Number of protein chains: 2
Amino acid sequence: MARKKTSREEILKHSIKLFKLNGYYNTSMANIADACGLIKGSIYHHFKSKEEIGLESLKYIHKYFEENIYSIAYRKDLSNLKRIELFVKKTDDYFLHSEGGCLLGNLALEVSSENILFKDEIRNYFLNWEKALAHILQVNYSEGKSIELAKEYVALTQGAIMMMTLYNSSESYLKVGQKIIALIK
Amino acid sequence: MARKKTSREEILKHSIKLFKLNGYYNTSMANIADACGLIKGSIYHHFKSKEEIGLESLKYIHKYFEENIYSIAYRKDLSNLKRIELFVKKTDDYFLHSEGGCLLGNLALEVSSENILFKDEIRNYFLNWEKALAHILQVNYSEGKSIELAKEYVALTQGAIMMMTLYNSSESYLKVGQKIIALIK
DNA sequence: GTCTATATCAAGATAGAC
DNA sequence: GTCTATCTTGATATAGAC
């Protein structure tokens, strides 16, 4: 009986969960291997270093948001109100089921600014989030005001996720989305 | 010539700066000792473990906020408007000059929820922040609404600090305070 | 109070057998 | 693709001299 093959994606998914719950530096290659049912040396067949796993984890989540959430802002088959409603619903669905909060928000605060690779990926994730929100808002607001509102709501969302994670309570989180929707209505 | 005596508080101040900039787990006892002009073994004369330094660092900042910021909310010599204005000014002053953002916010996202000592201290820091803000708001709003608004502004402040730290830019941060003040005016 | 020296352990990473 | 075994480094922490 052949042993189970572990894919890169599987390792990333386990790593992401551990990074979110316990932090990047506080997660070891042995922790990751354990979660995958492997021994730590085996991980190096799939990734050349822990840093590569970290960076690929950030890119993996960033890509998910691009494809499943940010893209909603540019859909031409939906009204502006439908776009913001769907955008908020998908964001809420994600973070309400995301144990440990937002990977990129967490690492934004954990990782030193000298880690340029990580910081660039994180900055682009947030910039594209802001851009997508601002694109929806621009139908009702000036360009400058749209960007300002988008920045405010991304910040508010991250703050709300921080509090939700800290208090193990989601009740206050959802109000953030309703406030963004109210801006379009 | 006697060597310089290093105080506990000096070590804490250096540790706090390093924890904020590089993270708690990514800061070693050697890093802390270097910053203090000591060798790592010497730190153990002042603190029994790294965990003690971490917890004392959280308490040190929490105490600063209690004594210099939260207390403003309960001052009877000031009008309600003056209270919120001073509260916001002191908060802004602190975070605009705080390299690396908010220690307790950073560690809230970095440290595993299994670290109960750290998490409790962080939760109380935020709860007391919310309580102080809600106390000011209660003159103009119901108790429930005051707590809701206070929670929202603490979250928004933390999100704004996250973005300020990530982008090395303080421009958007100050608007948060003005919005809280507008709630009282 | 700080130093030198060291103990102990866990981390990231590699080589080669199966 | 995963394993055993090992290397090397850096981490927390301690003992005892000055």
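Please refer to the structure higher up on the page.
Residues numbered from 1 in each chain as written. Chains lettered and ligands numbered in written order. Predicted model: local features only at pLDDT ≥ 70, side-chain atom pairs only at ≥ 80, totals over all residues. Heavy atoms only, no water.

Participant: Please explain the protein's contact with DNA strand D as it appears in this structure.
Facilitator: Taken together, 17 residues surround DNA strand D, and among them Thr6(A), His45(A), His46(A), Met29(B) and Lys40(B) come closest. Among the atoms of DNA strand D lying within 4 Å of the protein, the sugar-phosphate backbone contributes 67%. Here a phosphate oxygen of DNA strand D sits 3.0 Å away from a polar atom, N or O, in the main chain of Ile39(A). Between His46(A) and DNA strand D, the recorded distance is 2.7 Å, taken from a side-chain N or O atom to a phosphate oxygen. Here the surface near DNA strand D is composed, by residue class, of four nonpolar, eight polar and five charged. (Near = heavy atom within 4 Å. Polar contact = N/O pair within 3.5 Å; in protein donor to acceptor, adjacent residues only side chain to side chain. Nonpolar A, V, L, I, M, F, W, Y, C, P; charged D, E, K, R; others polar.)

Participant: What is the right way to read the nonpolar core from this model?
Facilitator: Burial of nonpolar side chains together is a common tendency in soluble globular proteins. Ranked by size, the top nonpolar core spans 122 residues in total, and within it Phe87(A), Phe95(A), Phe87(B) and Phe95(B) carry the most contacts. The residues touching Phe95(B), leaving out its near neighbours within four places in the chain, are Phe65(B), Gly101(B), Cys102(B), Tyr125(B), Trp129(B), Ile161(B), Met164(B) and Tyr173(B). (Core = buried A, V, L, I, M, F, W, Y, C linked by side-chain atoms within 4.5 Å. Buried < 20%, exposed > 50% of the residue type's maximum accessible area, 1.4 Å probe, protein only. Contact = heavy atoms within 4.5 Å.)

Participant: Explain the interface of chain B and chain A here, please?
Facilitator: Where the parts come together, the accessible area they lose is often given as the size of the interface. Counting from both sides, the interface comprises 33 residues of chain B and, opposite them, 33 residues of chain A. Between chain B and chain A, the buried area comes to about 3000 Å², and carbon and sulfur atoms account for 65% of it. Linking chain B to chain A there are two salt bridges. The closest approach of N and O atoms between Lys179(A) and Glu152(B), which form a salt bridge, is 2.6 Å. Linking chain B with chain A are 12 residue pairs in polar contact (both at pLDDT 80 or more). When contributions to the side of chain B that touches chain A are tallied by element, the ones reaching two or more residues are helix H1 (8-22), helix H6 (103-110), helix H7 (116-137), helix H8 (143-167) and helix H9 (174-184) of chain B. (Buried area = accessible area lost by both parts, 1.4 Å probe. Salt bridge = Lys/Arg side-chain N within 4 Å of Asp/Glu carboxyl O. Helix = DSSP H or I, 4+ residues; strand = E, 2+ residues; numbered from the N terminus.)

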